[in-house]
Amino acid sequence: MPTSPLRRDFLWGVSTSAYQVEGAAHEDGRGPSIWDTRCRTKGGVVDGSNGDVAADHYHRYAEDIALMKDLGVGAYRFSVAWPRVLPRGRDVVNEAGLDFYDRLIDGLLAAGIEPWLTLYHWDLPQALEDQGGWTNRDCAGWFADYAVLVARRYGDRVKRFATFNEFSVFTLFGYAINWAAPGVTDGPSHLRAIHHVNLAHGAGVDVLRSLVPGALIGAIHNRQQVLPEHGRPENEEAAALLDEHWNLAFPDPQILGYYPPRLARAIEPYVQAGDMARICRPTDWFGLNHYGPIFAKADPDTTWGFGWGEAPSGSPDYGVGWPVFPDAFRDELLRLTRRYRLPVYITENGCGGSEDAPDATGQVNDPHRITYLRLYNQAMMDAIRGGGDVRGYFVWSLLDNFEWGSGYTQRFGLVHVDFATGQRTPKASARWYAERIRAQKEERTRA
Ligand code: FCB
């Protein structure tokens, strides 16, 4: 058997986000977020559900830490809910909300699991949205003030910070396509949101750097190769434009200091003197969320003239329900290492499923997820052998949870959650992951 190319300190983890798992939406002073609003908007979520209870992580976090311990992970990536700690987004602090993350962080540290804290995983306080949200340039300053609160409160125990999760997903889907909150479809609003979120990232990095000694600061980007849907020549330009929006609009200005060419022209009216230097701040690591490639087609009826295309028929899917292309993952990891020259952590990778359920004996068998994770882990190892600087891997997700616009119709967890009772049952994939981690640790001890 070839020896593992993983570093000795390679980090295995699991990821969640606040709105998707916490629940307790109306408890202990939490304020509403734009996702509470979207869930109550007709058509906002396919099954008409919401995150009011979700996986009830707010109350069951100790049980969830024990599940992580059983997996053997070294890190837990979670997000702080901005409206839980600042119910109106600014000014008035909610101590009870802050206390929750104290308990969570202390519990993780006691279990030997490193807390990885994401400041923003899509749940903007509704009170800030009412003042224009990300389309308002002031939102960057509101975000920086929120970062100060988090840094001062947790910076003695948390050293790993991500400013944002998947910049391009929440801005593109939230302001151009209406697949996410706040559900706007307007080009200028979208361009403003992109630029202001980039400014907020830069301001957040500065806050963390100045207030948290020894902080290791990164940002989490979704990057997926964009391929033109087969058939029409105009799909090529659609793919090139979607690539700028999806893959480049945030990491390029943040790490390289410039917007990609098509976007740079469009965004110019919103850029003020000194902005690019405010956005481009040194960071310590690159967080990659990756699931599979995406396909673009020209569609004149959309905000930017591109839409989501179909994968070629016959693409391998292994029962996952979407095309599975581990080679695209390997290539992405290599591309990232070359382009941005930062250590890469895979902060999300995993696979959904609508069928996961306990069988007659109470076991949850999810062979499709094991196949997916195995193939993607293999691709990661190939990337590392080829020179990719990959330092860690986090599965999305620890728990079945509220999957945004898909509500509770898609289960991404290694652990099954009965949403009626909150009961947790580790799936077969959880055992696979625990074994993967154990084998790697054993190999490390032998080496
Ligand atoms: C990513 C999100 C995460 C989850 C997974 C399935 O785009 O960051 O919250 O919804 O997809």
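Residues numbered from 1 in each chain as written. Predicted model: local features only at pLDDT ≥ 70, side-chain atom pairs only at ≥ 80, totals over all residues. Heavy atoms only, no water.

Trainee: What exactly am I supposed to notice about the site of the ligand here?
Mentor: Taken together, the neighbourhood of the ligand is formed by Q20, H121, W122, N165, E166, N289, Y291, E348, W396, E403, W404 and F412. Contact between the ligand and H121: an oxygen atom at 2.8 Å from a side-chain N or O atom of the residue. Between the ligand and W404, the relevant distance is 3.0 Å, taken from an oxygen atom to a side-chain nitrogen or oxygen of the residue. For the ligand, the protein covers 91% of the area, taking 290 Å² as the surface of the free molecule. Among the residues forming the shell around the ligand, the class breakdown is five nonpolar, four polar and three charged. (Near = heavy atom within 4 Å. Polar contact = N/O pair within 3.5 Å; in protein donor to acceptor, adjacent residues only side chain to side chain. Areas by Shrake-Rupley, 256 points an atom, 1.4 Å probe, with all protein chains shown as cover. Nonpolar A, V, L, I, M, F, W, Y, C, P; charged D, E, K, R; others polar.)

Trainee: Would you explain the packing of aromatic side chains in this entry?
Mentor: Two aromatic rings, taken as a pair, are described by how far apart their centres are and by the angle between their planes. A complete count under the given rule lists 46 aromatic pairs for this structure. Arranged with centres 5.2 Å apart and planes meeting at 50°, the rings of Y120 and F164 form a pair that is tilted. Taken together, the positions of Y120 in strand β3 (residues 114–120) and F164 in strand β4 (residues 160–165) put the pair 44 residues apart, joining distant regions of the chain. For the pair Y120 and F164, a shared accessibility class is recorded, and that class is buried. With 5.9 Å between their ring centres and 85° between their planes, W285 and Y345 make a pair best called edge-to-face. Taken together, the positions of W285 in strand β7 (residues 285–289) and Y345 in strand β10 (residues 344–348) put the pair 60 residues apart, joining distant regions of the chain. W285 gets classed as buried once you look at its relative accessible area, which sits at 2%. (Phe/Tyr/Trp six-rings, centres within 6.5 Å; stacked < 30°, edge-to-face > 60°. Helix = DSSP H or I, 4+ residues; strand = E, 2+ residues; numbered from the N terminus. Buried < 20%, exposed > 50% of the residue type's maximum accessible area, 1.4 Å probe, protein only.)

Trainee: What should I look at first to understand the pairing of β10 in this one?
Mentor: Regular strands have side chains that alternate between both faces of the sheet. Burial within β10 is extensive, with five of its five residues counted as buried. The sheet contact formed by β7 and β10 spans four bridges and is parallel. Within the sheet, the bridge partner assigned to L288 lies in β10 and is I346. Pairing of β10 with strand β11 (residues 390–396), which is carried by three bridges, proceeds in the parallel orientation. Of the residues in β11, the one forming a bridge with I346 is Y393. In this region the chain leaves β10, passes through helix α15 (residues 367–385) and returns to the parallel neighbour β11; the handedness of that crossover is right-handed. (Pairing = 2+ DSSP bridges. Right-handed = clockwise from strand over helix to strand, strands pointing away.)

Trainee: Which parts of the structure should I look at to understand the sheet that holds strand β8 (residues 294–298)?
Mentor: Remark on secondary structure: sheet strands pair via backbone hydrogen bonds, oriented parallel or antiparallel. With mixed pairing, three strands are arranged side by side in an open sheet as β6-β8-β9. Of all the strands in the sheet, the pair left with one neighbour each is β6 (226–228) and β9 (306–308). Each strand of the sheet is rotated relative to its neighbour by a mean of 45°, with strand direction disregarded. Bridge count for β8 against β9 is three bridges, and the pairing is antiparallel. If you follow A296 over to β9, its bridge partner there is W308. (Axes fitted to C-alpha atoms, helices over the stretch in contact; angles between N-to-C directions.)

Trainee: How should I be thinking about the packing of α15 against helix α16 (residues 428–446) in this particular structure?
Mentor: How two helices pack is summed up by the angle between their axes together with the distance between the axes. Their axes nearest at 9 Å, the elements α15 and α16 cross at an angle of 25°. It follows that α15 is roughly parallel to α16 by the angle criterion. Of α16, the residues touching α15 (which contributes R369, I370, L373, R374, N377 and M381) are A428, S429, W432 and R436. Considered class by class, the residues forming the contact of α15 with α16 number five nonpolar, two polar and three charged. (Parallel < 35°, antiparallel > 145°, perpendicular 65-115°, else oblique. Contact = heavy atoms within 4.5 Å.)

Trainee: Before we go on, may I ask you to explain helix α7 (residues 139–154) in this structure?
Mentor: An α-helical segment advances 3.6 residues per turn. Residues three or four places apart therefore align on the same side. Between its first and last C-alpha atoms α7 spans 22 Å; for 16 residues at 1.5 Å apiece the expected length is 22 Å, and the two agree. Of all the residues in α7, the buried ones are C139, A140, W142, F143, A144, Y146, A147, L149, V150, A151 and Y154. At its buried positions, α7 is contacted by α4 (82–85), α5 (95–110), β3, α6 (126–129), β4 and α9 (187–211). (Expected span 1.5 Å × (residues − 1).)

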